[in-house]
Structure formats: C-alpha cells, structure tokens
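Chains, contacts and geometry: an overview
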There are 2 protein chains.
Amino acid sequence: MNHINFFEYNPNDTSGVFFSISNILFSKQTKYQRIDIFDTPEFGRVFALDGLTMTREMDEFIYHEMIAHVPMFIHENPKKVLVIGGGDGGTVREVLKHSSVEEVIMCEIDAEVIEAAKKYLPLTSCELDNPKVKLVSEDGSKFIKKYKNYFDLIIIDSTDPTEGEGGLLFTEDFYKSCFEALTDDGILSAETEDPFIHKDWMRDAYKRLSNIFVKARLYMGYLPMYPPGVWTWVFASKGKDPIMDFEPEKVKNFDKPLKYYNEEIHVSCFSLPNFIKDMIK
Amino acid sequence: MNHINFFEYNPNDTSGVFFSISNILFSKQTKYQRIDIFDTPEFGRVFALDGLTMTREMDEFIYHEMIAHVPMFIHENPKKVLVIGGGDGGTVREVLKHSSVEEVIMCEIDAEVIEAAKKYLPLTSCELDNPKVKLVSEDGSKFIKKYKNYFDLIIIDSTDPTEGEGGLLFTEDFYKSCFEALTDDGILSAETEDPFIHKDWMRDAYKRLSNIFVKARLYMGYLPMYPPGVWTWVFASKGKDPIMDFEPEKVKNFDKPLKYYNEEIHVSCFSLPNFIKDMIK
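Residues numbered from 1 in each chain as written. Chains lettered and ligands numbered in written order. Predicted model: local features only at pLDDT ≥ 70, side-chain atom pairs only at ≥ 80, totals over all residues. Heavy atoms only, no water.

Under the annotation held in an unreviewed UniProt entry, chain A carries the name Polyamine aminopropyltransferase and is attributed to Oceanotoga teriensis. Annotation of chain A in UniProt includes, under Pathway (unreviewed entry), the sentence "Amine and polyamine biosynthesis; spermidine biosynthesis; spermidine from putrescine: step 1/1." (UniProt positions renumbered as here; feature names shortened; annotations may be inferred.)

Our next topic: the relation of the copies chain A and chain B. The relation between the two copies of this chain is a rotation about an axis and a shift parallel to it. Once chain A has been moved 0.0 Å along the axis and rotated by 180 degrees, it coincides with chain B to within an RMSD of 0.0 Å. One copy is carried onto the other by what is essentially a two-fold rotation axis. (Least-squares fit on C-alpha atoms with pLDDT ≥ 70 in both.)

Let's shift gears to the UniProt feature "active site" (unreviewed entry) in chain A. Residue and element names in this part refer to chain A. The sites that UniProt annotates as "active site" (unreviewed entry) are Asp 157. Secondary-structure assignment places Asp 157 in strand 10 (residues 151-157). A residue is classified by how much of its surface remains accessible, and Asp 157, at 6% relative accessible area, is buried. With residues up to four places along the chain from it excluded, the contact list for Asp 157 reads Tyr 63, His 64, Ile 67, Val 83, Ile 84, Gly 85, Gly 86 and Thr 91. (Helix = DSSP H or I, 4+ residues; strand = E, 2+ residues; numbered from the N terminus. Buried < 20%, exposed > 50% of the residue type's maximum accessible area, 1.4 Å probe, protein only. Contact = heavy atoms within 4.5 Å.)

Residues and elements named next belong to chain A. The omega angle of the peptide bond from Pro 227 to Pro 228 is 10 degrees, so this bond is cis rather than trans. Here the phi dihedral of Asp 13 falls at roughly 65 degrees; this positive angle occurs in a residue that is not glycine. Located in the positive-phi region is Asn 149, a residue other than glycine, with phi close to 55 degrees. Positionally, Asn 149 belongs in the loop between helix 5 (140-143) and strand 10.

Here we come to the pairing of strand 10 of chain A. Residues and elements named next belong to chain A. Burial analysis of strand 10 places 7 of its 7 residues in the buried class, which makes it a mostly covered element. Examined bridge by bridge, strand 10 and strand 11 (residues 182-191) share 5 bridges and lie parallel to one another. Looking at strand 11, one finds that Ile 156 is bridged to Ala 190. (Pairing = 2+ DSSP bridges.)

Attention shifts here to helix 7 (residues 199-212) of chain B. All names here are of chain B. The first and last C-alpha atoms of helix 7 sit 20 Å apart over 14 residues, in line with the 20 Å expected at 1.5 Å per residue. Three or more residues of helix 7 are buried, namely Met 202, Ala 205, Tyr 206, Leu 209 and Ile 212. All buried residues of helix 7 lie within an arc of 135 degrees about the axis, which places them on one face of the element. Against helix 6 (172-181), strand 11 (182-191), strand 12 (215-222), strand 13 (230-237) and helix 10 (274-279) lie the buried residues of helix 7. (Expected span 1.5 Å × (residues − 1). Arc of directions from axis to C-beta.)

Turning to the packing of helix 6 of chain B against helix 7 of chain B, a few remarks are in order. All names here are of chain B. For the pair helix 6 and helix 7, the least separation of the axes is 9 Å and the interaxial angle reads 40 degrees. The angle between helix 6 and helix 7 falls in the class oblique. Crossing angle aside, the handedness with which helix 6 passes helix 7 is right-handed. Across the interface between the two elements, Glu 172, Tyr 175, Lys 176 and Phe 179 from helix 6 touch Ala 205, Arg 208, Leu 209, Asn 211 and Ile 212 from helix 7. (Axes fitted to C-alpha atoms, helices over the stretch in contact; angles between N-to-C directions. Parallel < 35°, antiparallel > 145°, perpendicular 65-115°, else oblique. Left-handed = near helix turned anticlockwise from the far one by under 90°.)

Pairing between side chains becomes possible if they bear opposite charge and their charged atoms approach one another. Residue and element names in this part refer to chain A. Enumeration according to the criterion identifies 43 salt bridges over all chains in this entry. The residue Arg 45 makes a salt bridge to Asp 39 at a minimum N-O spacing of 2.8 Å. You can call Asp 39 buried: its relative accessible area is 18%. Three or more residues are tied together by salt bridges with common partners; here these are Glu 60, Arg 93, Glu 94 and Lys 97. (Salt bridge = Lys/Arg side-chain N within 4 Å of Asp/Glu carboxyl O.)

Written as structure tokens, this is what we have:
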C-alpha cells in the first residue's frame with residue numbers, strides 16, 4: 001500500500017504520532033489557522049487544525065459525549081445552550097439529543113471551519129442546520145460579554161490554548177464572562193487538555209475556573225485521538241454538584257444512543273489518580 | 001538538538017508513535033526477542049521488546065500499580081504471589097509494598113530481560129534482589145502446571161499476545177492451569193491489551209477468563225506509554241468480588257506511596273464505556 005504519512009508533533013517537538021492518509025479532501029489556510037480534512041484507513045475521516053487532530057470518525061464520540069452529557073444531565077431543564085468553538089458540530093449534535101433544548105448558539109471564530117465541516121464532516125456536523133441552532137462567527141471571548149444571566153449551559157470546546165486565538169478561551173477574564181452569562185442554576189463544561197503533555201494548561205484552567213465558580217471538578221476520559229490518549233474537562237457550576245445532584249435514572253431512561261457515556265461513567269470520570277490530585281492541589 | 005527517532009508501529013502498520021532517543025544503553029537480540037534500553041528527553045528511560053515500548057520511567061507506575069494493587073487489596077491476606085512475565089520488575093516492586101507477602105515467584109521466560117533490567121532499569125527492578133523473591137526463567141505456560149492450590153495471587157504480566165511466546169499466556173488452557181494453581185480464595189489479574197488496536201485480544205482474553213473463573217471483571221486505566229493511551233486488565237477470582245469485597249479503609253491506611261491507584265480509582269476503573277460493554281457482551 002502506498003502511504004502518505006501524517007506526522008503530528010507534540011509541543012516539545014521530541015515526540016508525536018503518525019498515521020497514513022488515504023485521500024486528502026480539503027486543505028486551506030484561513031485567516032486563523034490551517035484546515036486539513038482527509039481520509040485514513042484506520043481512523044476514518046480526520047479533521048486537523050494547524051497540523052493537530054481535532055476530530056476523527058473512529059473516536060470523536062468520546063470527546064463530544066463527555067463534554068456535553070456530563071453537564072447536560074446535571075442541569076434540570078437545559079433550554080438555552082452556548083457552544084464556544086466546536087466548529088465541527090460534534091458538541092451541538094450531542095446537545096441536541098436532549099429534547100429540553102430550545103436554542104443552541106454555536107460561536108465558532110472561523111466561518112471556514114463551519115463551512116468545511118458541513119461539506120466534508122457530515123457525521124459531526126449533521127445537526128448544524130437544525131432550526132434550533134444559530135451559528136455565529138465571532139471571537140467567543142468578545143461574544144460572551146453580550147449576555148448576562150441568559151444561558152443554562154455553556155460548553156467551551158476550544159482548540160489548544162497554545163494555538164493563537166484559542167488561548168483567549170483559557171483566561172480568568174473569559175471564564176468570568178461565562179459565569180455572568182449563565183443563569184443562577186447555570187452549568188459550564190470546558191475542555192482542559194491532558195495531564196501529561198499539557199499539564200500546566202490543565203492545572204491553570206482548573207484553578208481559574210475554581211476561583212470563579214462555586215463548584216469546579218475535573219473529570220477524565222479515555223481518548224485515543226488526542227495524544228497521550230487521556231483527556232480532561234472541567235465541570236463548573238453556581239451550586240449544582242456533578243455527583244450529589246446526579247440522577248442515574250435519567251441516563252438509564254435516555255432515549256438516544258450513546259456510545260461512551262453512561263450512568264457509571266458519569267460518576268467514575270470524576271475519580272482522579274493520585275498524581276493528578278497532586279497536580280491540581 | 002540532534003535526535004535519533006524511535007518509531008513504534010501499531011500492528012496494522014498504518015499508524016504509530018515516534019519519540020527522540022538521547023542515548024542508547026543496551027540492545028540485544030536474545031533467543032526470544034530484541035531488547036532495547038535507551039534514554040529519552042521526554043519519557044525518561046525506555047525499555048522496548050521487539051520495537052514496542054514495555055516500560056518508560058514517566059508512566060510505568062500506572063501499569064504496575066493497576067495490575068498489582070487492584071487484586072492485592074481484595075485478597076484478605078496475600079502471602080504467596082506468582083508473577084508471570086514482568087521481567088522489568090515493576091510488578092514485583094508493587095506486590096512487595098504489601099507486608100503480608102512472604103514469597104513472590106517471578107517466572108520470566110527470558111533471563112536476559114531480567115539481567116538487563118537489573119543493570120539498566122534500577123527504578124523498576126529495585127526489588128528483584130529482595131530475599132522474598134525467587135526468579136525463574138521458564139516458559140510460564142509450563143511452569144504453572146507444577147503448582148496446585150498454592151498461590152494466593154497470580155499476576156499475568158505478559159507481552160503482547162501476537163509476539164511469539166507471549167501468545168501462550170492468553171490461552172484458555174493456560175488460564176485453567178492458573179485457576180488450579182490458585183488456592184480457594186485465590187485471585188488473578190492479567191493484562192488484556194487495549195480496546196482499540198488490540199480489541200480482539202482483549203475480548204478473547206476476557207471471555208476465556210470468564211469461562212474458567214467464578215468472577216471475571218474487566219478494568220481500565222489511563223496509560224500513555226501504550227498507544228492508544230488506554231489499557232485494560234482482568235480481575236478474576238474463585239468468588240471474591242472486586243467491588244463488594246473492597247474495603248476502602250485498607251487503601252486509605254496503606255503506608256506505602258502510590259502515584260496512581262487509590263480507593264476511588266479501585267472502584268471507578270471497573271466502569272466501562274458503552275462501546276466496551278458491547279464488545280465483551
């Protein structure tokens with residue numbers, strides 16, 4: 001088999017992953033980043049930004065289910081949801097599995113990501129044309145300041161903080177604006193990188209969210225598509241507890257298919273290994 | 001920086017990981033396999049067999065703590081322990097953190113692995129000279145047949161089943177011999193690969209152990225050193241349940257340092273994502 005290999009370097013440039021590309025579908029340098037979309041024999045279709053895998057068909061469900069359902073199942077009645085970033089549409093797809101949802105705003109800075117996702121990533125972008133969805137192409141860190149006490153749920157589905165504009169979505173100022181844009185029983189989830197390669201960003205994001213929200217809890221998932229294969233998110237709220245306020249029956253009776261998340265995972269994802277507890281002390 | 005890169009291919013040969021080597025310490029083709037030991041700028045010292053990472057200083061503790069402490073904390077009084085494979089010594093190191101242990105037999109087929117580990121991997125092999133430890137260089141699948149009703153705990157710390165002799169440690173016949181070598185309240189743990197790249201082996205190992213033991217439960221860990229960053233083991237017993245018979249206080253009061261395993265991880269590691277539940281149905 002004749003392969004073109006895709007090499008993805010970790011930030012320190014001494015390690016990374018490689019995999020074969022079978023077909024390149026789209027490549028473009030936009031105002032913000034380089035977009036690549038290609039097929040692979042092993043992982044299905046891959047979507048990359050600036051040379052880093054963002055989603056792949058094989059396992060994007062893990063990331064998107066974990067960032068969406070952990071907070072969604074804690075909120076009693078989430079109607080208004082804001083997704084910041086997440087241009088591929090996978091998070092919106094999961095949010096819309098909840099019938100309570102009336103309005104989802106997706107604020108993705110790069111309109112060309114949305115356009116490419118709609119054309120080349122039908123499995124993740126499938127709900128972006130749903131009438132409940134409003135697509136906005138603005139800087140999320142500015143857009144959020146337009147809202148006060150409005151959203152039931154905010155999901156921060158950003159790129160790596162080291163990648164230009166993405167860094168703005170990891171600041172304390174931005175998290176504060178999110179707090180203010182949430183209703184009194186509002187909940188936030190945020191991707192917070194991994195505890196190995198990006199451990200400083202993970203810790204910083206967790207600490208900043210802890211400073212602003214009443215509750216903030218780090219949670220984890222098995223996620224092969226992002227080296228090193230483990231990922232973290234933070235659940236943050238104005239009072240709701242992700243374990244004490246969890247009703248397993250709601251998950252057991254959920255009528256939509258879920259491939260990763262279930263009522264056991266909801267609880268166990270908050271169990272942290274000792275070395276991670278030490279990191280975020 | 002001038003790098004030599006180490007490329008580790010996944011079995012399908014279309015993907016893998018790469019990382020820099022700063023210093024090669026030892027390379028040898030033995031009767032069974034190729035041993036390489038080298039230093040890396042990112043992961044500390046790495047030990048590889050046939051081009052696949054077996055341990056690295058950065059995160060070997062995760063693998064070794066999970067294969068050892070999950071069963072050790074369920075057995076009421078483990079005195080006699082057999083480790084099959086595990087030539088680097090990391091599993092023996094963890095087993096000996098339990099003061100009840102009187103005898104550990106480590107049956108590693110390749111004496112040259114033990115020798116190299118003692119010389120070049122002091123952090124994992126540090127307990128191999130402990131007087132409680134007996135080192136045996138034999139085929140584990142034959143060695144096990146010498147014992148009946150003897151061991152309190154058997155830990156199968158094998159290489160990938162696809163790698164020659166390692167495959168013998170994944171057969172139903174071998175698992176049956178382990179069952180017979182265990183006492184009535186005996187417990188076994190086995191490494192059972194990952195649910196992505198080696199999912200067939202994982203499922204087969206789990207099913208075979210389920211056929212022979214009264215209880216068999218798959219458990220999981222975050223483990224960057226083995227692509228795809230998630231690993232599984234099976235807990236198997238003649239009756240003891242890894243959750244119902246667990247006493248969290250024993251872990252809380254444990255007087256030895258643990259970097260990954262704790263009383264929450266002990267329970268949460270048995271929570272399986274939906275797609276893995278489906279795989280092992």
